[in-house]
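These are the residues of each chain, in order.
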Protein chains: 2
Amino acid sequence: MSKAADLAYERIRQKIITGAYGAGAHLKEEQVAEDAGVSRTPVREALRRLDAEHLVKFVPNRGAYVASWSTHDIEEIFVLRAMFEGHAAYRAASRITSAAIAELELCADEIDAQTPGQSERQRLNILAANQRFHGIVLDAAHSERLTKALAWLVEIPIILRTFERYSEKDIVRSNQHHREMIDAFRARDARWAQNVMDTHLRAAFRRYVVHGTENQN
Amino acid sequence: MSKAADLAYERIRQKIITGAYGAGAHLKEEQVAEDAGVSRTPVREALRRLDAEHLVKFVPNRGAYVASWSTHDIEEIFVLRAMFEGHAAYRAASRITSAAIAELELCADEIDAQTPGQSERQRLNILAANQRFHGIVLDAAHSERLTKALAWLVEIPIILRTFERYSEKDIVRSNQHHREMIDAFRARDARWAQNVMDTHLRAAFRRYVVHGTENQN
DNA sequence: ACGATACTTTTTGTATACGAGCGGACGGCA
DNA sequence: TGCCGTCCGCTCGTATACAAAAAGTATCGT
């Protein structure tokens, strides 16, 4: 796509994900434009796109605010994700190639390898491998629309840094789900894959809630 | 939202739905701007929104084209819709008010009343009542995100004028599904409601395909 | 001292003007 | 005659300038 608009889009997105723009912050077009080194026009375009992805919220004559989510919202998001990705896993079971399955296995291996210990570097590696895993499943579903519809749902947990709340035990369990899903794919058992994915995501939400109410308020 | 941008948005949307802008047509910003009586800036915004809703497709340095769908795309859309709306019906079963159920019944009555005969006026009334029915179910699900995620899926069949392909018998069957869904809601049986909705939409797709291959080509 | 109102400031929304990229047409060359 | 390169025109992409709307502030009246 266009140059400046994309640049603005990426910058804003990064700043939201890293937390530089906190939840609820008022994104003033001029200021953001200066940050990205472009004019207001491409910034507006970028904000529109982010609005479509639900990362920011537009208020009619007041501009864009970075989105914030209640626990209720987050449950909604996880349930939708479970449904979507469950469906993706179902479709993937009959379509996935053995090459893709091998890749999934690499992801699971990577996660296992990085699991002992809690360094920031390791957490990021695990997060990346996890994203790859889910990405591969989604691709294997061969449903472009599903992929697009899902994109924004997948990113929100990342923004919320849910992974920061996971203990070593949580990660081990999570990766056991991954392994089981691989088995289900090998068996071409769509319902099995679907159910594992559903379980996987519901468990993730549960961990989020439990650790959340412990640490936060 | 803003005035001119919304106006442009509505105008373009209408022209796409009514077919004034045919599938694959190149929407030139200047021309569209003239049509709507505003400048290019709000038009660009409107096009961006429509892009997010998958009604138009952006090509990097060439602008917006109205989207077109293959039969395969349409199947994908119907399957996703069945999943989504099925889920909505599931949620609605435990949340819907008796007032809303009464409204559903009015929609079903309206459809029955308009069914005998094939006048354009009647078709439009049936279409409207059908939309209302599905809208009420969606609202009753009380899931804002679900509603938004679904919006673009629901509209595509309307744009494709799938309803024009339905025979009187199809409509009768369709409305029987509506009645059964109402029963499921009254019984607060979530799975029942979900399955009826799923059936309802799969049948709709099937009718589309059958009548399509008969009439077209 | 408190509230309301008018004015100023800030920020968004819209229009227009300018620059860049792409495609098509024309002309030159083999 | 057929192919390739260059040039021109069309449309998009970006910047800037201007108008409108809302928030904040100070002043006036009660």
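Worth saying up front: this structure is predicted, and the values here are computed from it rather than measured.

## Thoughts on helix α4 (residues 71-95) of chain B
Step number 1: Its 25 residues place the ends of α4(B) 35 Å apart at the C-alpha level, agreeing with the 36 Å of an ideal helix rising 1.5 Å per residue.
Step number 2: In terms of residue burial, α4(B) counts as a mostly covered element, since 18 of its 25 residues are buried.

## What to know about the pairing of strand β2 (residues 56-59) of chain A
Residues and elements named next belong to chain A.
Step number 1: Burial of β2 is one-sided: the residues Val 56 and Phe 58 facing one way are buried, the residues Lys 57 and Val 59 facing the other way are not.
Step number 2: Alignment of β2 against strand β3 (residues 63-66), held across 4 bridges, turns out to be antiparallel. Within β3, the position partnered with Val 56 by the bridge is Val 66.
Step number 3: The turn linking β2 back onto β3 is made up of 3 residues.

## Some points on the sheet that holds strand β2 (residues 56-59) of chain B
Step number 1: The antiparallel open sheet is built from 3 strands, whose spatial order is β1-β3-β2 (chain B). Two strands bound the open sheet, and with one partner strand each, they are β1 (26-27) and β2 of chain B.

## Looking at the layout of surface pockets
Step number 1: Here the second largest pocket defines a volume of roughly 1,100 Å³.
Step number 2: Surrounding the second largest pocket, 34 residues form its lining, A:Met83, A:Gln194, A:Asp198, B:Met83 and B:Gln194 being those nearest its centre.
Step number 3: Residue assignment for the lining of the second largest pocket shows that the elements contributing at least two residues are α4 (71-93) and α9 (190-215) of chain A together with α4 and α9 (190-215) of chain B.
Step number 4: Looking at the lining of the second largest pocket, the element that brings in the most residues is α4(A), giving 11 residues.
Step number 5: Residue composition of the lining of the second largest pocket, by class: 12 nonpolar, 10 polar and 12 charged.

## Describing the relation of the copies chain B and chain A
Step number 1: Least-squares fitting of chain B to chain A yields an RMSD of 0.2 Å, with the superposition described by an axial translation of 0.1 Å and a rotation of 180 degrees. Seen this way, the second copy is the image of the first under a two-fold rotation axis. By C-alpha distance to the rotation axis, the residue of chain B lying nearest is B:Ala52, at 3.0 Å.
Step number 2: An overlap of 100% is found between the interface residues of chain B and their copies at the interface of chain A, pointing to a shared contact surface.

## Thoughts on the confidence of the model for chain A
Step number 1: Considering every residue of chain A, the mean pLDDT works out to 91; 96% of them sit at 70 or more.
Step number 2: Between the elements of chain A, mean pLDDT differs from a low of 86, seen in helix α7 (residues 144-159) of chain A, to a high of 97, seen in helix α5 (residues 98-114) of chain A.

## Quick look at the protein's contact with DNA strand D
Step number 1: Within the structure, DNA strand D sits among 20 residues, and A:Ala4, A:Ser39, A:Arg62, B:Arg44 and B:Pro60 are positioned closest to it.
Step number 2: Considering DNA strand D, the proportion of its atoms within 4 Å of the protein that are sugar or phosphate atoms stands at 71%.
Step number 3: A:Lys3 is positioned such that a nitrogen or oxygen atom in its backbone is 3.1 Å from a phosphate oxygen of DNA strand D.
Step number 4: At 3.3 Å, a backbone N or O of B:Glu29 approaches a phosphate oxygen of DNA strand D.
Step number 5: Elements with a minimum of two residues in the surface near DNA strand D: α1 (3-18) and α3 (40-52) of chain A together with β1 and α3 (40-52) of chain B.
Step number 6: Tallying contributions element by element places α1(A) first for the surface near DNA strand D, with 3 residues.
Step number 7: Partitioning the surface near DNA strand D into residue classes produces 6 nonpolar, 7 polar and 7 charged.

## Describing the packing of aromatic side chains
For any two aromatic rings, the description comes down to two numbers: the centre-to-centre distance and the angle of the planes.
Step number 1: The final tally for this structure, using the stated rule, is 3 aromatic pairs over all chains.
Step number 2: The interplanar angle of 45 degrees and the centroid separation of 5.3 Å between the aromatic rings of A:Phe78 and A:Phe205 together place this pair among those described as tilted. Of the two residues, A:Phe78 is situated in helix α4 and A:Phe205 in helix α9; the sequence distance between them amounts to 127 residues.
Step number 3: Among the residues examined, A:Phe78 registers a relative accessible area of 5% and is labelled buried.
Step number 4: Between A:Phe84 and B:Phe84, the aromatic rings sit 4.8 Å apart at their centres with planes inclined by 85 degrees, giving edge-to-face as the arrangement. Of this pair, A:Phe84 sits in helix α4 while B:Phe84 sits in helix α4, each in a different chain. You'll find A:Phe84 and B:Phe84 in the same group, each marked buried.
Step number 5: When the ring centre of A:Phe58 is taken as reference, the NZ or CZ atom of A:Arg48 above it lies at 4.5 Å.
Step number 6: Sitting above the plane of the B:Tyr9 ring, B:Arg49 keeps its charged end 4.4 Å from the centroid.

## Some thoughts on the nonpolar core
Step number 1: Core analysis: the biggest nonpolar cluster contains 98 residues, and A:Ile12, A:Leu27, A:Phe84, B:Ile12, B:Leu27 and B:Phe84 have the highest contact counts within it.
Step number 2: In terms of residues, this core owes the most to one element, helix α7 (residues 144-159) of chain B, which gives 8 residues.

## With respect to the domain arrangement of chain A
Residues and elements named next belong to chain A.
Step number 1: Domain parsing of chain A yields domain 1 (3-66) and domain 2 (71-215).
Step number 2: For domain 1 and domain 2, the distance between their C-alpha centroids amounts to 28 Å.
Step number 3: The interface of domain 1 with domain 2 comprises 8 residues on the first partner and 4 residues on the second.
Step number 4: For the pairing of domain 1 and domain 2, the buried interface totals around 570 Å² over both sides, and the portion due to carbon and sulfur atoms is 60%.
Step number 5: The largest share of the area that domain 1 buries against domain 2 comes from Ile 17, His 54 and Leu 55, three residues that together contribute 62% of it.
Step number 6: Here domain 1 is connected to domain 2 by 1 salt bridge.
Step number 7: Among the ionic pairs, Glu 155 bridges to Arg 13, the shortest N-O distance being 2.4 Å.
Step number 8: Linking domain 1 with domain 2 are 3 residue pairs in polar contact (both at pLDDT 80 or more).
Step number 9: Considering only residue class, the side of domain 1 that touches domain 2 consists of 3 nonpolar, 3 polar and 2 charged.

Definitions and cut-offs
Residues numbered from 1 in each chain as written. Chains lettered and ligands numbered in written order. Predicted model: local features only at pLDDT ≥ 70, side-chain atom pairs only at ≥ 80, totals over all residues. Heavy atoms only, no water. Helix = DSSP H or I, 4+ residues; strand = E, 2+ residues; numbered from the N terminus. Expected span 1.5 Å × (residues − 1). Buried < 20%, exposed > 50% of the residue type's maximum accessible area, 1.4 Å probe, protein only. Pairing = 2+ DSSP bridges. 1 Å grid on protein atoms, 1.4 Å probe; cavity = no way out; pocket = protein on both sides within 12 Å on 5 of 7 lines; lining within 4 Å. Points joined across faces, edges and corners; volume = space filled by probe spheres on them. Nonpolar A, V, L, I, M, F, W, Y, C, P; charged D, E, K, R; others polar. Least-squares fit on C-alpha atoms with pLDDT ≥ 70 in both. Contact = heavy atoms within 4.5 Å. pLDDT = per-residue confidence, 0-100. Near = heavy atom within 4 Å. Polar contact = N/O pair within 3.5 Å; in protein donor to acceptor, adjacent residues only side chain to side chain. Phe/Tyr/Trp six-rings, centres within 6.5 Å; stacked < 30°, edge-to-face > 60°. Lys NZ or Arg CZ within 6 Å of the ring centre and 35° of its normal. Core = buried A, V, L, I, M, F, W, Y, C linked by side-chain atoms within 4.5 Å. Domains from an automatic or database assignment. Buried area = accessible area lost by both parts, 1.4 Å probe. Salt bridge = Lys/Arg side-chain N within 4 Å of Asp/Glu carboxyl O.

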